[in-house]
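Chain residues, written in single-letter form:
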Amino acid sequence: MQTVRIARQGSVAVATIDNPPVNALGAALRRDLATAVTEVMADPEVEALVLAAAGRAFIAGADISEFGKPLAQPILPEVLDLIENAAKPVVAAIQGVALGGGLEVALACHGRVALPAAKLGLPEIKLGIIPGAGGTQRLPRLIGAAKAFPMMLSGEPVAAQKALDLGLVDRVVEGDLVAAAVALAQELAAKGRPRKTGEIAEKLTQADREAFEALAKDATAKSGDMPNAMALIEAVRGAFTLPLAEGLAHERALFARLVVDERSKALRHAFFAEREAAKVPGIDDSVKPRPIARAAVIGAGTMGGGIAMCFANAGIPVTLIETSQEQVEKGHARIRDTYGFSVKRGSMTEATREQRMALITPAVGIAAAAEADIVIEAAFEEMGVKREIFGALDKVAKPGAVLASNTSYLDLTEIAAATTRPADVLGMHFFSPANVMKLLEIVRPEGVAADVVATAIALGRRLGKVPVVVGNCFGFVGNRMLEQRTRAAERLLVAGALPHEVDAALTGFGFKMGPFAMSDLAGNDIGWRSRKSRGKTAAVADAICERGWFGQKTGRGYYLYPEGARAGQRDPEVEALIADVSAKEGVARRSFTSEEILARLLDPMVNEGARILEEGIAARSGDIDIVWLTGYNWPAWRGGPMHWAEAVGLDVIVRRLEEQAAESGDASLEPAPLLRRLAAEGKGFSALKAA
Ligand code: 3HC
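If you look the chain up in an unreviewed UniProt entry, it shows as 3-hydroxyacyl-CoA dehydrogenase NAD-binding domain-containing protein from Bosea rubneri. Database annotation for the chain, UniProt heading Pathway (unreviewed entry): "Lipid metabolism; fatty acid beta-oxidation." The chain has a UniProt comment under Catalytic activity (unreviewed entry) that states "a (3S)-3-hydroxyacyl-CoA + NAD(+) = a 3-oxoacyl-CoA + NADH + H(+)".

> Even after reading the chapter, I still don't get helix H1 (residues 27-42), so can you show me in this structure?
The α-helix winds at 3.6 residues per turn, so residues separated by three or four positions along the chain end up facing the same way. Spanning 16 residues, H1 covers 23 Å between terminal C-alpha atoms, matching the ideal 22 Å at 1.5 Å per step. What H1 keeps buried is the set Leu29, Arg30, Asp32, Leu33, Ala34, Ala36, Val37 and Val40. Those residues of H1 that are buried are in contact with strand S1 (4-9), strand S2 (12-17), strand S3 (48-53) and helix H2 (76-84).

> When you look at the sheet that holds strand S9 (residues 158-159) in this model, what are you seeing that I'm missing?
The strands making up a sheet associate through backbone hydrogen bonding, with each pair oriented either parallel or antiparallel. What the four strands build is an open sheet, ordered S4-S6-S8-S9; its pairing is mixed. With partners counted over all chains shown, the strands left at the sheet margins are strand S4 (57-59) and S9, one partner each. On the sheet, helix H3 (residues 101-108) packs against S4, strand S6 (97-99) and strand S8 (119-121) and is oriented at approximately 90° with respect to S6.

> So what exactly am I meant to see when it comes to the environment of leucine 188 here?
Mapped onto the secondary structure, leucine 188 falls in helix H7 (residues 177-190). In sequence terms leucine 188 and alanine 522 are 334 residues apart; their C-alpha atoms lie 62 Å from each other. Those residues within four positions of leucine 188 in sequence are excluded, and the remaining contacts are Ala48, Pro89, Val91, His110, Gly111 and Pro194.

> Looking at this model, I keep getting lost on the site of the ligand. Mind explaining?
Near the ligand you find 26 residues, and of these Ala60, Gly61, Ala62, Gly100 and Gly101 are the closest. Secondary structure elements with two or more residues in the shell around the ligand: S6, H3 and helix H11 (262-277). A breakdown of the residues in the shell around the ligand according to their chemical character gives 15 nonpolar, six polar and five charged.

> Would you mind going over the nonpolar core with me for this structure?
Side chains of a nonpolar character, in soluble globular proteins, are inclined to be buried together. Val91 and Val375 are the most contacted members of the largest nonpolar core, which has 214 residues in total. Those residues in contact with valine 375 that lie beyond four places of it in its chain are Ala296, Ile298, Ala369, Leu393, Ala397, Ala401, Leu403 and Ala404.

> What's the story with the UniProt feature "domain: 3-hydroxyacyl-CoA dehydrogenase NAD binding" (unreviewed entry) in the chain in this structure? I'm lost.
In this numbering, the UniProt entry assigns the feature "domain: 3-hydroxyacyl-CoA dehydrogenase NAD binding" (unreviewed entry) to residues 295-472. Along residues 295-472 one finds 42% helix and 22% strand; the C-alpha atoms at either end are 24 Å apart.

> Help me understand the domain arrangement of the chain in this model?
You'll often see interface size given as the accessible area lost when the parts meet. Per the domain assignment, the segments of the chain are domain 1 (4-211), domain 2 (295-437 + 469-476) and domain 3 (498-584). For domain 1 versus domain 2, the distance between C-alpha centres works out to 45 Å.

> Explanation requested: the sheet that holds strand S16 (residues 425-430) in the structure shown.
The strand order across the open sheet formed by eight strands is S13-S12-S11-S14-S15-S16-S17-S18, and the pairing between neighbours is mixed. Bordering the open sheet on either side are strand S13 (360-364) and strand S18 (466-471), each of which pairs with just one other strand. Averaged over all adjacent pairs, the angle separating strand axes in this sheet is 25°, with direction ignored. Examined bridge by bridge, strand S15 (residues 402-405) and S16 share three bridges and lie parallel to one another. Within S16, the position partnered with leucine 403 by the bridge is valine 425.

> Could you clarify how one ought to interpret the packing of helix H13 (residues 325-345) against helix H14 (residues 350-358) in this entry?
Packed helices, taken two at a time, are described by the angle their axes make and the gap between the axes. It is at 10 Å that the axes of H13 and H14 come closest, and there the two elements cross at 160°. When the axis of H13 is compared with that of H14, the two are roughly antiparallel. In this structure, H13 meets H14 at a crossing whose hand is right-handed. Contacts between H13 and H14 involve Arg336, Tyr339 and Val343 from the former and Glu350, Arg353, Arg356 and Met357 from the latter. Here the contact of H13 with H14 is built from residues that sort into three nonpolar, no polar and four charged.

> Just to check I follow, could you spell out the packing of helix H22 (residues 539-546) against helix H23 (residues 572-584) for this structure?
It is at 10 Å that the axes of H22 and H23 come closest, and there the two elements cross at 135°. When the interaxial angle is binned, H22 and H23 end up oblique. Every pair of crossing elements has a handedness; the one defined by H22 and H23 is right-handed. On H23, the residues that touch Ala539, Val540, Ala543 and Ile544 of H22 are Val574, Leu577, Ile578 and Val581.

> Explain the environment of threonine 338 to me, please; I cannot follow it from the model alone.
By the secondary structure assignment, threonine 338 is in helix H13. By the C-beta count within 10 Å, which is 17 here, threonine 338 ends up partly exposed. Separated by 286 residues in sequence, threonine 338 and alanine 52 have C-alpha atoms that sit 44 Å apart.

> What is the right way to look at the pairing of strand S17 (residues 439-444) in this model?
Look at any regular strand and the pattern is simple: side chains alternate between the two faces of the sheet. S17 sits mainly inside the fold: six of its six residues count as buried. The two faces of S17 match: Leu439, Glu441 and Val443 on one face and Leu440, Ile442 and Arg444 on the other face are all buried. Pairing geometry for S16 and S17, over four bridges, is antiparallel. For histidine 429, the partnering residue across the bridge sits in S17 and is glutamate 441. Between the parallel elements S17 and S18, the chain passes through helix H17 (residues 450-462) in a crossover that is right-handed.

How each quantity is defined
Residue positions are given per chain, counted from 1 along the sequence in the order it is written. With the structure being a predicted model, the display of local features is reserved for residues of pLDDT at least 70 and the display and counting of side-chain atom pairs for 80 or more, all residues being used for whole-chain, interface and lining totals. UniProt positions are given in the numbering used here, feature names are shortened, and annotations may be inferred rather than shown by experiment. For helices the rule is a DSSP run of H or I covering at least 4 residues; for strands it is a run of E covering at least 2, with both sets numbered from the N terminus onward. Helices are assigned an expected span. That span is 1.5 Å times one less than the residue count. In this scheme every C-beta is placed from the backbone, and a residue whose C-beta has 20 or more other C-beta atoms within 10 Å is buried, one with 12 or fewer is exposed, and one in between is partly exposed. Here the contact rule is simple: place C-beta atoms from the backbone, and any two residues whose C-beta atoms are within 7 Å are in contact. By definition, two strands form a pair when at least two bridges between them are found by DSSP. To define axes, lines are fitted to C-alpha atoms, for helices over the stretch in contact only, and angles between the resulting N-to-C directions are given on a 0 to 180 degree scale. In this text, near has one meaning. A residue is near a molecule or strand if its C-beta atom, placed using the backbone, is within 6 Å of it. Each residue is assigned to one class: nonpolar for Ala, Val, Leu, Ile, Met, Phe, Trp, Tyr, Cys and Pro, charged for Asp, Glu, Lys and Arg, and polar for all the others, Gly among them. By convention the nonpolar core is taken to be a set of buried residues drawn from Ala, Val, Leu, Ile, Met, Phe, Trp, Tyr and Cys and joined through C-beta atoms within 7 Å. Note: domain ranges come from an automatic or database domain assignment. Note on angle classes: values under 35 degrees are labelled roughly parallel, values over 145 roughly antiparallel, values of 65 to 115 roughly perpendicular, and the remainder oblique. A crossing counts as left-handed when the near helix is turned anticlockwise from the far one by less than a right angle, and as right-handed when that turn is clockwise. Handedness of a crossover: with both strands directed away from the viewer, a clockwise path from the first strand across the helix to the second marks it as right-handed.

Now the structure itself:
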């Protein structure tokens, strides 16, 4: 298929890139682009070329799915050399996103015109790499390194108007973009030989160098452990110290090294897994979501308030419902305060805060949910409470309203059975803080209507979330696996490790917090209550709670928090208590290395993940990874637990689990049949996709 078509507008050729869905620069497009440029330059009747694009993206960048494989000729830098060195001017007409290699194409052109809605950026850093087709050399030449470097370091795109201010585009036009690009192309042609971006030198001044070096120093202090951030500094420095050709070669060598790094592989896995999670078995485009114009949230606690904010942030009016005026006012005030922090920080204006607050209507009593197209219940986590609310909702909600529970563990089928319309009931599990965390677990109980699931997915996207559809079981995907980690952490304490050692192993792995610091922050009583309701025990955790050491809120938990300190300090009494439990259980305490601790914390999670796949609770291992990446702060560059397990080797995980099961006598640590089978076949979880 031809991915570039050429037409003529007078003396200017217009090459339109058309490689759906997003004009990624795969082998065919690179070839067709090179052919188009060569043909147009050889045509004596043409004086200039406009590069335009069909569809929503100008060019989304290099084709990420080709990374790590041998690249077919011509590679992108070769195509860009052709463009930059063309004897006649080439102008980019940017109608949508120009990202990564897409912006690099535009940078190699001699002029750039954009629609106001266009966005331009070099997001490679988010994939663990750096620009590999001249971005680090041409962008600093065009706009100065002090402005180019932060763009590449954050990876965030800029809007067209900002790009104009930066000098990244020449014109922003409303209306006929191609006509405007043709006009610029003609003007440039009239001036004779086009100016190459690579030849621009005036922005790379001594002052620019100094400003860049200051930013680089700052970035080194913050991100010294990120090889791509460090490579970016090196590459940009090359723009000052090396001639263009050498700077380009240097950049490409750094890019090539990063592309094969495990960290970049993990980030690419996450990119595709997130998009795959959007494809839900049984929910295709023919299933139309129900329209949502108004929402209600039941429960104005921290969670309910955060969910109400999600609606307000998306411009959807929402009724916030409580059982008493006092409670709803308290919840409403807390939302105002939370927005207030953003106003104070300067990330939100007072006017925006007022607009958002105006979308939230506090109310008392479930009858206030009558007008809502969707109701999300975020009340106390107890089946009786939930069933009562859903029974009452059934009587007041309008026909066709979606009824969702934000439960983090409970059985949705049982909740749905409290209504006469179970097909309209599902789980929408937000993560705390709900207005910040990206994950939305959509729990699909048997019997829920497909369009209700589609509505939750579409709404999740509108709220800026990453929706992942999961099956109905205790704790769903995320909390079910988290429970394994929590149990493992307790086992480690009894076996000989101390809280700070366990936490340090996990933060060393890349988590922001270890399990004990996390538990102290959330409140140790939450897990205690949950265990008690299920008849479960955990000797150390229970003993800590029996003493009232619930964590930060009580000044002590697994750690001490003198005078409200945020960071916990080791507590000799807790350590003695742990030793006591070990002694009572007849365990000879021993020390553990960080690697051993990690294996003991994470392998049981992977095992549970395998069971989750076996049971069809998650459709793909990538869905599980996305849950952990977006809901539990799993370090992005480790790609999620299932990806991590594959990188370690499933055979290694199986062997370690067998050892742990034998040592602890805990049969739940025996490797899941699926895990055993894949390990024996030498396959990874991702092999299941094809099945
Ligand atoms: N390569 C391969 N496939 C890509 C792609 C890319 N660069 N960008 C998007 N896609 C695919 C997606 O996987 C998805 O495929 P699917 O339909 O089969 O799931 C499809 O295009 C549509 O993508 P989205 O669902 O994300 O569509 P949106 O409209 O929501 O977003 C986008 C479009 C803003 C372009 C977003 O896809 C995006 O951010 N893409 C990645 C951009 C990027 O990182 N570019 C840099 C690449 S690295 C590079 O260029 C190196 C260079 O310096 C040499």
